[in-house]
Amino acid sequence: MRAEPGLRETPLATLADYAEAARAALDPPTWDFICGGAGDERAVTANTAAFEAVRLAPRVLSGVATVDLSVRLFDQPWAMPVAVAPMAHHTMVHPDGEVATVRAAGRFGIPTVVSTFAGRTFEELAAVATSPLWLQLYCFRDRGLTRELVERAVAAGFAGLVLTVDCPRLGRRPRDVRNAFRLPDDVRPANLPASAAYSSTDVYARSDLDPALDWSVVDRLRSISPLPLLLKGILTPADATRAVEAHVDGIIVSNHGGRQLDAAPATLDALPAVAEAVGGRCPVLLDGGVRAGRDIAAALAHGADAVLVGRPVLYGLAAAGEEGAAGVLDVLSGELTDVLLQTGRRSPADLDASLLFDAPARAVHAPAAGGPVDTVGGPLSKEGLHSSVSEPVMDTMNFLNEITLRHPDAISFAPGRPLEDFFETEQLFRWLRHYIDHLAGLGRSEEQIRTTLFQYGTTAGEIRGLVARTLADDGITADPADIVVTVGAQEAMFLILRTLFASPRDVLLVASPCYVGITGAARMLDIAVAEIPEESDGLTAAAFERTVAEVRAQGKRPRACYVVPDYSNPSGSTMPLRARHELLEAAARHGVLIMEDSPYRMVSSAEPLPLLKALDPARCVVHIGSFAKSAFPGARLGYLVADQEVADRNGKCTRLADEISKLKSMLTVNTPSLSQAVVGGLLLESGFDLRARNAAAASTYDANLTAVLDTLSRLFPEHERAAHGVSWNHPAGGFFLAVTVPFAADDAALAVSAERYGVVWTPMRYFHPSGGGENVIRLAWSYLTRRQAVEGVERLAAFVTDHARHVGVS
């Protein structure tokens, strides 16, 4: 309730002045309700005390004469790194309530976070807003009510959701207890049911708010809203990490203004560790204790991207309505400008740890937009890098490429490389000449040929027509315009993922075990992965549909499924023809695209089954190809076939390949012209029949596979395998098979195998994104001669037998 207004002659120059004016304007119980906190109010005091302890380092002769306070967050321009924090019941301090607050924020071009308990409707506020509105959300026991609030906010044009996560119940606030505080009869939340009793905030919260929220609420809100989602109330690195893993769009470091847990840390004290855990993966905002422009600067120097300001705005509203709220924001804007000028900074992006006088030695992270800031001259903080670099899967590709070099005397079953015996240096010159002659035959002049070979060339690729003719030989009819030539298949995967996966709700389905290149690319792009357990014949439609249902039950969207139908890496499995048809039918029915990758079919003697893309009348398949095995790895040449149509909101259609090419132009610009020329010449020389060209190599690889299987059978006879705890599958071709052993096939076991027995293999657990394959090893034989393959299996059998005995499993 407002007290009788009095006259104030002294101008309001600081936020403290506005607080004093508000105290004079409000009756004591209302003032206590607004400014009080939980328990002994230690957390309330800590918030402001933490900022009071900060000292900023001035810089002289900086040459900075003007500053720009603007920032860009959540794809929106903010005129300064400030938003109005969510606070309930603005109508309790001024009859215009949130309407006045929203108008004031609009004058300064900053967002307002509207409380669930706002005294004005979402629609009223949207009608007067000239800057973004966000909905602060409590989740109710009545989930229908929660959904209704979100849907109304979306319909009103709100720009995001802020879920308060630190309120399983309201904190005990002694001031309100002493005052027997109740909301006035005319102060009610305008967006909640009129029939409920709201006078006792504590009683209402205990009866209607859901106290049992867990992390599933993130997915639930995603399922009902397309808006960016921030979590407010994060104070620990562990919760920050969990939030990032849940793909939230932002984190607000907040202790609820000290109104929940009295022993909670000050928000500024909690901020650096949270920012470090987030590592720039999403924006981090601070809420609590900001009482001056210098506090905004200090928060940004400690790792925030922006701050929320709460009580001071309400004090301004109580003191003078819209003009008072705008006055508070004007003070903050002016004071922040002063800080920037006095410290030689041109914009908030320049506010890093160097702003802090006697800054602590711990790493303090700059705003997410600028990335981490590390001590000058010191090592970079790994926690400040993207979290994917710390994941074991990112070491796997290097391991596969380097493990053979680490143990030069060992026989290595690790790399799935073509055998170099089938390559000759002179072939490169011959293929290049074939391609040059081809261009001349097309009527190109010497100058045009020179340009083709020495310049960048088209982004989508110069040899798309030759690739299309090669695909036709393998049963795929592709328009060259639907092909993009890439820097290896790995770039094709990355481009497809980046193009298709637009929302944190989108999930990539993969068979498990799975090629690490696709799961690693997904991790780099922060794309969630769901595993489909692979059966002996590879991925099945039934398993695919079960996983689709599980993903959708979590409120997420299964966007695409990565499949290697022929001689898959790492297991060597091959999908039967019937399973291919069933998978395509299921994918079309569920609206899930298939990402098909089949790099080994051109180097295997077995009669191949039709590719999924060759059986794809519904255009469900984006096909990925590579010349690493069918030509030579050093070319680093791959391609994709994306013949799906893409329609914009006006109904205009383009090719998916065209959209992918746009992204490629920003990644590698184009695929090297010389690589395309050499591979193009190879395709021309082979008459586009790579299977015939690779017949000798395929015969060698298949002979090696037979040697490996025969040697395993000789050393582990069928009647003894159960006793040994050893088994394996029987691929029809390709480069890989899986062997199950009776002990943990981990890095320690691999070290023993390599150093003492002279044989290297790959732990299958590397290929299980969420764990699995602990007792399975992958063998690849393509890089070996037949003699080496036999001797390698003999060494492996000795290791398996001895190690099982050593660890006590047999």
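This is a predicted model, so every value here is computed, not measured. (Residues numbered from 1 in each chain as written. Predicted model: local features only at pLDDT ≥ 70, side-chain atom pairs only at ≥ 80, totals over all residues. Heavy atoms only, no water.)

Trainee: Is there a simple way to think about the overall build of the protein in this case?
Mentor: The number of helices and strands found in the protein is 28 helices and 25 strands. Seen through its principal axes, the protein has C-alpha atoms that stretch 100 × 70 × 55 Å. Across the 810 residues in the protein, those meeting the buried criterion constitute 56%. Relative to all contacts within the protein whose residues are 6 or more apart in sequence, the contacts with residues 24 or more apart total 72%. On the protein, roughly 33600 Å² of surface is accessible, and the fraction owed to carbon and sulfur atoms is 52%. The averaged location of the 96 negative side-chain charges in the protein is 1 Å from the averaged location of its 75 positive side-chain charges. (Helix = DSSP H or I, 4+ residues; strand = E, 2+ residues; numbered from the N terminus. Buried < 20%, exposed > 50% of the residue type's maximum accessible area, 1.4 Å probe, protein only. Contact = heavy atoms within 4.5 Å. Areas by Shrake-Rupley, 256 points an atom, 1.4 Å probe, with all protein chains shown as cover. Lys, Arg positive; Asp, Glu negative; His and termini not counted. Charge placed at Lys NZ, Arg CZ, Asp CG, Glu CD.)

Trainee: So what exactly am I meant to see when it comes to the sheet that holds strand E22 (residues 736–740) here?
Mentor: Note: strands within a sheet are paired through backbone hydrogen bonds, in either parallel or antiparallel orientation. As summarised here, the arrangement of the four strands in space is E21-E22-E25-E24, forming an open sheet in which the pairing is antiparallel. Either end of the sheet is taken by a strand with one partner, and the two such strands are strand E21 (727–728) and strand E24 (762–763). Taken together, the two bridges between E21 and E22 define a ladder with antiparallel strand orientation. By the bridge assignment for E22, Ser-727 is matched with Thr-740. (Pairing = 2+ DSSP bridges.)

Trainee: Explanation requested: the packing of aromatic side chains in the structure shown.
Mentor: Two aromatic rings, taken as a pair, are described by how far apart their centres are and by the angle between their planes. In this structure the tally under the stated criterion is 17 aromatic pairs. Between the aromatic rings of Phe-74 and Trp-134, the centroid separation amounts to 5.1 Å while the plane-to-plane angle is 65°, which identifies the pairing as edge-to-face. Taken together, the residues Phe-74 in the loop between strand E1 (71–73) and strand E2 (76–78) and Trp-134 in strand E5 (residues 133–137) connect sequence positions 60 residues apart. For the pair Phe-74 and Trp-134, one class covers both residues: buried. What links up through ring pairs into an aromatic cluster is the set Phe-422, Tyr-600, Tyr-701, Phe-735 and Phe-736. Positioned over the ring face of Phe-33 is Arg-259, at 5.3 Å from the centre of the ring. Looking at Arg-417, its charged tip hangs above the ring of Tyr-783, at a distance of 5.3 Å from the centre. (Phe/Tyr/Trp six-rings, centres within 6.5 Å; stacked < 30°, edge-to-face > 60°. Lys NZ or Arg CZ within 6 Å of the ring centre and 35° of its normal.)

Trainee: Is there a simple way to think about the environment of Thr-540 in this case?
Mentor: Turning to its location among the elements, Thr-540 is positioned in the loop between strand E14 (528–533) and helix H20 (541–553). The buried category is assigned to Thr-540, whose relative accessible area is 19%. Measuring from C-alpha to C-alpha, the distance between Thr-540 and Thr-499 comes to 26 Å, with 41 residues separating the pair along the chain.

Trainee: Sorry, what's going on with the confidence of the model for the protein here?
Mentor: Should pLDDT be low for a region, the predicted coordinates there are not to be read in detail. Looking at the protein as a whole, its pLDDT mean stands at 89, while 91% of the residues score no less than 70. Low pLDDT, under 50, characterises residues 3–8; the predicted model gives this stretch seven contacts beyond four residues in sequence or across chains. Low pLDDT, under 50, characterises residues 359–376; the stretch is placed with 36 contacts to residues that sit more than four places away or in other chains. (pLDDT = per-residue confidence, 0-100.)

Trainee: Help me out: how do you make sense of the pairing of strand E25 (residues 776–780) in this one?
Mentor: Sheet faces and side chains relate simply in a regular strand, where the side chains alternate between the two faces. With five of its five residues buried, E25 lies for the most part within the structure. Side-chain alternation along E25 places Val-776, Arg-778 and Ala-780 on one buried face and Ile-777 and Leu-779 on a second face that is also buried. Sheet topology note: the E22/E25 ladder contains five bridges and is antiparallel. Opposite Thr-740, over in E25, you have Val-776 as the bridge partner. Looking at chain direction, E24 and E25 are connected through two bridges and run antiparallel. Across the sheet, the residue bridging to Thr-762 is Arg-778, located in E25.

Trainee: Hey, could you run me through helix H19 (residues 516–524) in this one?
Mentor: Since one α-helical turn is 3.6 residues long, residues separated by three or four positions face the same way. The buried fraction of H19 amounts to eight of the nine residues, a majority that puts the element mostly inside the structure. Just downstream of H19, Asp-526 is the residue with a positive phi angle, here 55°.

Trainee: Looking at this structure, I do not really get the packing of helix H18 (residues 488–500) against helix H22 (residues 656–667). What am I missing?
Mentor: When two helices pack together, their arrangement is given by the angle between the helix axes and by the axis-to-axis distance. Running from amino to carboxyl end, H18 crosses H22 at an angle of 110°, the nearest separation of the two axes being 9 Å. One element, H18, and the other, H22, form an angle in the roughly perpendicular class. As for how H18 packs across H22, the hand of that crossing is right-handed. Across the interface between the two elements, Glu-491, Phe-494, Leu-495, Ile-496, Arg-498, Thr-499 and Leu-500 of H18 pack against Leu-656, Glu-659, Ile-660, Leu-663, Lys-664 and Leu-667 of H22. Along the lines of polarity and charge, the residues of the contact of H18 with H22 split into eight nonpolar, one polar and four charged. (Axes fitted to C-alpha atoms, helices over the stretch in contact; angles between N-to-C directions. Parallel < 35°, antiparallel > 145°, perpendicular 65-115°, else oblique. Left-handed = near helix turned anticlockwise from the far one by under 90°. Nonpolar A, V, L, I, M, F, W, Y, C, P; charged D, E, K, R; others polar.)

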